[in-house]
Amino acid sequence: MPLKPRDLIRSEVFAIKAYHVAESEGMVKLDAMENPYALPGPLREELARELARVEMNRYPEPTGKKLRELIARKMKVPAGMEVLLGNGSDDLIQIVSLALARPGATMMYPTPTFVMYGMNAGLTGMKAVALPLREDFALDVAAFVARMREERPALVFLAYPNNPTGVLYREEDVVAILNAAEGLVVLDEAYHVFAQKSFMPRLAEFPNLIVMRTVSKLGLAGIRLGYMAGRPEWIAEFNKVRQAYNVNVLTQAAAEFVLDRLEVLEDQARRILAERVILGEALAALPGVKVFPSEANFFLVRVPDANRSHEGLRRQGVLVRNFHGVHPLLANCLRITVGTDAENRILLAALRESL
Ligand code: PMP
């Protein structure tokens, strides 16, 4: 008699839920912090010609050397630091977790935060210690550091700014955590283009700091590319855990083309920031809606009944993320990505209807 999956699959795998992605065909898609703007037409055509030259019969250059050098230059990675590429930063989160998951090792992070950290703790058999944020989603740094002293985590994840709250922790609080850490601290700067704050320039000060980023929120979510920067002795180990060809030739070519013209994406980010101001004020003006301040390209809002509003929005063709029931601090919270002016107007009208 063959055994069943539940008898064979590791209990950690059985215990976690698959990463949830909602059906979005034909919807106003404000659920995943994507950049709503496409590349300008002429640039798209030039990129298409570039991609047509890619030799898809060949394996990629294994470490993406050209792209790593371009990223180091464009993203101002300090001299002496190394860059590692990932198939999205999700891939990098997994690589770091796998590498540090010695028996009994602990991963620590404030919560609520990006679910992928906890998922990878589960997958790799690390003990996950999730310390609640304050009610306003600020970091209780004293409590966090005290818990670090007890738990001695091998790995700390801090999303800077945090998802789904949009809060950018105070720089001195991050420094306090870096100074208290015996283990590795991964600062996940997925939203850095919107926050305009980064520890990249300070990498050399902290031997156990890795700065992780993604091009997803910048406007290239579809190509799946993340990168992290840190000391060569860390990157060399993570490079062993990375799958040999984790960043494909089309992604490398597209990223080289677009990041060489980074100002186009930075321009779009500025438009998103301008829309964020307008959307934030309009959301706050809706009756019963509390808007949490955000340094990212989304807002967390608290509404009277998140399930009702989420469903009402969905029926009107607008997709946002419902966090009600996910974490006690997120009761009746929705996360709304900043879209184009037109999308934001549709959202506001639909939300008004469904409060
Ligand atoms: N880190 C944070 C904080 C995120 O919010 C996300 C995306 N939701 C990621 C990492 C993953 O990004 P990527 O698309 O590069 O896998």
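Model, not experiment: these values are computed from the prediction.

Conventions adopted
- Each residue is numbered by its place in its chain's sequence as written, counting from 1.
- Local features are withheld for residues below a pLDDT of 70 in this predicted model, meaning they are given only at 70 or higher, and side-chain atom pairs are given and counted only at 80 or more; totals for whole chains, interfaces and linings count all residues.
- As a rule here, side-chain values cover all heavy atoms of the structure and leave hydrogens and water aside.
- Three labels apply to residues, based on accessible area from a 1.4 Å probe with only protein chains included: buried if under 20% of the type maximum, exposed if over 50%, partly exposed otherwise in between.
- Note on conventions: DSSP H or I runs of at least 4 residues are helices, E runs of at least 2 residues are strands, and numbering of each starts at the N terminus.
- Think of it as the arc spanned by the lines of direction from the helix axis to the C-beta atoms.
- Note on contacts: a residue pair is in contact if any heavy atoms of the two residues lie within 4.5 Å.
- In this document the domain limits rely on a domain assignment from an automatic tool or a database.
- Accessible area that two parts lose when put together, with a 1.4 Å probe and added across both, is what the buried area reports.
- Salt bridge, as used here: a side-chain nitrogen of Lys or Arg that lies within 4 Å of a carboxyl oxygen of Asp or Glu.
- For this scheme, ten residues count as nonpolar: Ala, Val, Leu, Ile, Met, Phe, Trp, Tyr, Cys and Pro. Four count as charged, namely Asp, Glu, Lys and Arg, and the remainder, Gly too, count as polar.
- Nine residue types can take part in a nonpolar core, namely buried Ala, Val, Leu, Ile, Met, Phe, Trp, Tyr and Cys, and a core is a set of them joined through side-chain atoms within 4.5 Å.
- Put simply, a residue is near a molecule or strand once any heavy atom of it comes within 4 Å of that molecule or strand.
- We define a polar contact as two N or O atoms separated by no more than 3.5 Å, with the added condition that, inside protein, one atom must be a possible hydrogen donor and the other a possible acceptor, whereas residues neighbouring each other in sequence contribute only through side-chain atom pairs.
- Accessible surface area values rest on a Shrake-Rupley calculation with a 1.4 Å probe, where residue burial reflects the displayed protein chains alone.

**Q** Just checking my understanding: could you explain helix 11 (residues 232-241) for this structure?
**A** Within the span of helix 11, buried status applies to Trp234, Ile235 and Phe238. The buried residues of helix 11 occupy an angular sector of 90 degrees when the element is viewed end-on, so they sit on one face. Exposed residues on helix 11 whose side chains face more than 90 degrees from its buried face are Glu233 and Lys240. Each element contacted by the buried residues of helix 11 is listed here: strand 2 (82-86), helix 5 (89-100), strand 6 (184-188), strand 7 (209-214) and strand 8 (226-230).

**Q** Would you mind showing me how to read the domain arrangement of the protein chain here?
**A** Note on interface size: it is often stated as the accessible area lost on association of the parts. According to the domain assignment, the protein chain consists of domain 1 (5-40 + 263-354) and domain 2 (56-261). Taking the mean C-alpha position of each, domain 1 and domain 2 sit 23 Å from one another. Facing the 32 residues of domain 1 at the interface are 34 residues of domain 2. When domain 1 packs against domain 2, close to 2700 Å² is buried across both sides, 71% of that on carbon and sulfur atoms. When the area that domain 1 buries against domain 2 is broken down by residue, the three leading residues are Leu265, Glu295 and Leu329, summing to 23%. Along the contact surface separating domain 1 from domain 2 lie 0 salt bridges. For the side of domain 1 that touches domain 2, the secondary structure elements donating two or more residues are helix 2 (11-15), helix 13 (262-284) and strand 10 (298-302). Broken down by element, the side of domain 1 that touches domain 2 gets its largest block of residues, 8 residues, from helix 13. Residue composition of the side of domain 1 that touches domain 2, by class: 19 nonpolar, 5 polar and 8 charged.

**Q** Sorry if this is basic, but what is going on with the nonpolar core here?
**A** Proteins that are soluble and globular tend to have nonpolar side chains buried together. Judged by nonpolar contacts, the single largest core of 94 residues is most densely connected at Ile177, Phe199, Leu259 and Leu283. The dominant element in this core, judged by the number of residues it contributes, is helix 13, at 6 residues. Viewed by domain, this core spans two of them, domain 1 (5-40 + 263-354) and domain 2 (56-261), each represented by three or more residues. Leave out the neighbours within four places in its chain, and Phe199 touches Tyr160, Glu171, Val174, Val175, Leu178, Leu187, Glu189, Phe206, Leu209 and Val211. Core analysis: the second largest hydrophobic core is formed by 26 residues, Ala105, Phe114, Met116 and Met228 among them.

**Q** Would you mind showing me how to read the pattern of salt bridges here?
**A** Oppositely charged side chains may form a pair once their charged atoms are brought near each other. This model, assessed by the stated rule, comprises 25 salt bridges. A salt bridge links Glu171 to Lys197; the shortest N-O distance between them is 2.7 Å. With Glu171 in helix 8 (residues 171-180) and Lys197 in the loop between helix 9 (192-195) and strand 7, the pair connects residues that are 26 residues apart, well separated along the chain. Taking the relative accessible area as the measure of exposure, Glu171 reaches 25% and is therefore partly exposed. On the basis of relative accessible area, Lys197 is assigned to the partly exposed category, the value being 31%.

**Q** How should the site of the ligand be read in this particular structure?
**A** The local shell around the ligand holds 14 residues, among which Ser89, Asp188, Tyr191, Thr214 and Ser216 are the closest. A distance of 3.1 Å separates a nitrogen atom of the ligand from a polar side-chain atom of Lys217. Summarising the interface, the protein chains cover 94% of the accessible area of the ligand, which totals 400 Å² for the free molecule. Those elements that place two or more of their residues in the shell around the ligand are helix 5 and helix 10 (216-220). Across the shell around the ligand, the residue classes break down as 5 nonpolar, 5 polar and 4 charged.

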